[in-house]
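Read off the chains here:
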Amino acid sequence: MRAFISYSHHDKAALDRLHVHLKNLTRAGHIETWYDRDILAGSVLDADITRELDAADLVLLLVSPDFIASDYCVEREMKRALERHASGEARVVPIILEECDWKAMGELRQLKAVPTDGKAISEWANSNTAYLNVVQELRRIIEAESISTAEKAAPKPDALRPAMARYRAKRQFDHIDRGDFRDAAFATIKDYFQRAVIEINSIDGLRSRFVDRNATSFGATIVNGGHRNGTAHISVHCRNSQIALGDIYYSFSENSGANTANGGFNISADDYEQFLTQTMNVFGKAEERLTPERAAEVLWNEFIGNAGIAYD
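In this report, we go over the structure that sits alongside the text.

Thresholds, definitions, all that
- Residues numbered from 1 in each chain as written.
- Predicted model: local features only at pLDDT ≥ 70, side-chain atom pairs only at ≥ 80, totals over all residues.
- Heavy atoms only, no water.
- 1 Å grid on protein atoms, 1.4 Å probe; cavity = no way out; pocket = protein on both sides within 12 Å on 5 of 7 lines; lining within 4 Å.
- Points joined across faces, edges and corners; volume = space filled by probe spheres on them.
- Helix = DSSP H or I, 4+ residues; strand = E, 2+ residues; numbered from the N terminus.
- Nonpolar A, V, L, I, M, F, W, Y, C, P; charged D, E, K, R; others polar.
- Core = buried A, V, L, I, M, F, W, Y, C linked by side-chain atoms within 4.5 Å.
- Buried < 20%, exposed > 50% of the residue type's maximum accessible area, 1.4 Å probe, protein only.
- Contact = heavy atoms within 4.5 Å.
- Pairing = 2+ DSSP bridges.
- Axes fitted to C-alpha atoms, helices over the stretch in contact; angles between N-to-C directions.
- Salt bridge = Lys/Arg side-chain N within 4 Å of Asp/Glu carboxyl O.

1. As for the layout of surface pockets
Then, number 1: Taken as a whole, the largest pocket encloses approximately 1200 Å³ of empty space.
Then, number 2: As for the largest pocket, its lining consists of 31 residues, of which Q136, R140, E199, S202 and Y311 are closest to the centre.
Then, number 3: Broken down by secondary-structure element, the contributors of at least two residues to the lining of the largest pocket are helix 1 (12-21), helix 2 (23-27), helix 7 (127-153), helix 8 (175-200) and helix 9 (292-305).
Then, number 4: Ranked by the residues each element gives to the lining of the largest pocket, the list is headed by helix 7, at 8 residues.
Then, number 5: Taken together, the residues of the lining of the largest pocket sort by class into 16 nonpolar, 6 polar and 9 charged.

2. Here we look at the nonpolar core
Most often, soluble globular proteins keep nonpolar side chains buried together rather than apart.
Then, number 1: If you look at the biggest cluster of nonpolar residues, it comprises 31 residues, and the most contacted ones within it are F193 and F303.
Then, number 2: Mapped onto this core, the elements with two or more residues apiece are helix 8, strand 6 (217-224), strand 7 (231-238), strand 8 (248-251), strand 9 (263-269) and helix 9.
Then, number 3: With 8 residues, helix 8 is the single largest residue contributor to this core.
Then, number 4: Apart from the residues lying within four places of it in its own chain, the contact partners of F303 are F193, A220, T221, I222, A232, H233, I234 and F252.
Then, number 5: Judged by nonpolar contacts, the second largest core, of 26 residues, contains A3, L58, W124 and V135.

3. Quick word on the sheet that holds strand 1 (residues 2-6)
Then, number 1: Sheet architecture is open: 4 strands sit in the order 2-1-3-4, paired in parallel fashion. Sheet topology places strand 2 (32-34) and strand 4 (91-96) at the edges, where each strand pairs with a single neighbour. Across the sheet, the mean angle from the axis of one strand to that of its neighbour is 25°, orientation sign disregarded.
Then, number 2: Sheet topology note: the strand 1/strand 3 (residues 58-63) ladder contains 4 bridges and is parallel.

4. Digging into the pairing of strand 9
Then, number 1: Both strand 8 and strand 9 contribute to a ladder of 3 bridges, which runs antiparallel. Counted as the bridge partner of Y249 is G264 from strand 9.
Then, number 2: Bridge analysis of strand 9 against strand 10 (residues 274-279) gives 6 bridges, and the strand direction is antiparallel. What sits directly across from G264, in strand 10, is T279.
Then, number 3: In textbook terms, the turn of a hairpin is the stretch between consecutive antiparallel strands, and for strand 9 and strand 10 this stretch comprises 4 residues.

5. Observations regarding the sheet that holds strand 6
Then, number 1: Taken in spatial order, the 6 strands make up an open sheet running 5-6-7-8-9-10, and their pairing is antiparallel. One side of each edge strand has no neighbouring strand; the edge strands of this open sheet are strand 5 (206-214) and strand 10. Sheet twist, expressed as the mean angle between neighbouring strand axes with direction ignored, is 20°.
Then, number 2: Pairing analysis gives 4 bridges linking strand 7 to strand 8, with the strands arranged antiparallel. Within strand 8, the residue paired with S235 across the bridge is S251.
Then, number 3: Here helix 8 sits on the sheet and contacts strand 5, strand 6, strand 7, strand 8, strand 9 and strand 10; the angle it forms with strand 5, its principal contact strand, is near 150°.

6. Some details on the pattern of salt bridges
Then, number 1: Summed over all chains, the structure comprises 20 salt bridges.
Then, number 2: Between R84 and E89 there is a salt bridge; the shortest N-O distance is 3.3 Å.
Then, number 3: On the accessibility criterion, R84 (5% relative accessible area) is buried.
Then, number 4: Put simply, D247 and R239 hold a salt bridge, and the shortest N to O gap is 3.3 Å.
Then, number 5: Residues joined in a network through salt bridges with shared partners are R2, E32 and E52.

Remember, this is a structural readout, not a statement about activity or role.
Below, the structure written as structure tokens:
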């Protein structure tokens with residue numbers, strides 16, 4: 001996505017810091033930024049700015065007292081950006097740099113601002129955490145746009161032929177199939193926890209860490225500073241011996257051994273595909289069949305629930 005950045009020159013340091021945090025996205029080619037320092041000498045300023053603003057998929061407004069005080073930022077750049085946002089031609093994202101009266105600006109107030117809940121970056125204990133929160137939200141926008149573009153570009157099914165979800169052929173799953181599915185499911189759950197820990201650490205009042213112990217075991221700890229019993233642990237193991245308590249199993253304790261478990265997931269299959277079933281579930285009726293992605297989500301929610309946290 002091509003992003004136009006609207007900012008006050010008084011906020012140059014914040015602009016530079018944003019570019020540092022955007023580096024992964026720009027290096028991967030997911031986003032390309034433009035701002036007025038990209039204007040070549042001898043160019044007509046207004047013409048270049050208007051052209052780039054009208055070509056942008058994404059408009060980032062670096063909102064601060066100086067931004068609001070700038071007639072050019074508000075009356076020219078922001079006004080045009082909001083017109084394009086309203087028509088569906090671009091998406092506008094306010095990034096709140098410092099506390100200011102931005103909520104009094106009607107059209108701006110209706111947009112989802114970042115970081116979380118529009119809390120100004122200057123108010124975060126660690127500004128890097130605030131910028132990470134901004135980048136994660138931009139990544140979500142880019143990924144959603146990519147999916148939308150792919151769906152639009154996908155060929156439409158032949159109208160003369162009934163649309164079908166997919167072909168499925170009966171088969172039998174042997175020990176190798178089971179082992180491959182187990183290892184892939186464990187990797188999916190492990191990756192989910194790694195990414196979720198990063199997300200948790202971007203939220204004020206919550207802290208978490210991920211520990212990669214070995215090829216068949218990982219753990220995590222979460223601390224909810226606002227809850228009296230707000231510390232929770234989990235150790236997750238993948239079957240690697242005959243004494244394993246499931247194909248993938250877990251204990252709600254720190255660095256627990258491979259011979260203890262509070263719950264787990266076993267591999268099952270029907271005539272068409274393999275899936276996971278939850279065992280020793282102490283949280284009520286377990287789902288009868290889960291994909292690895294769904295199993296990761298179920299386990300994460302149980303884990304954070306032990307620290308007094310819910311995810312909607």
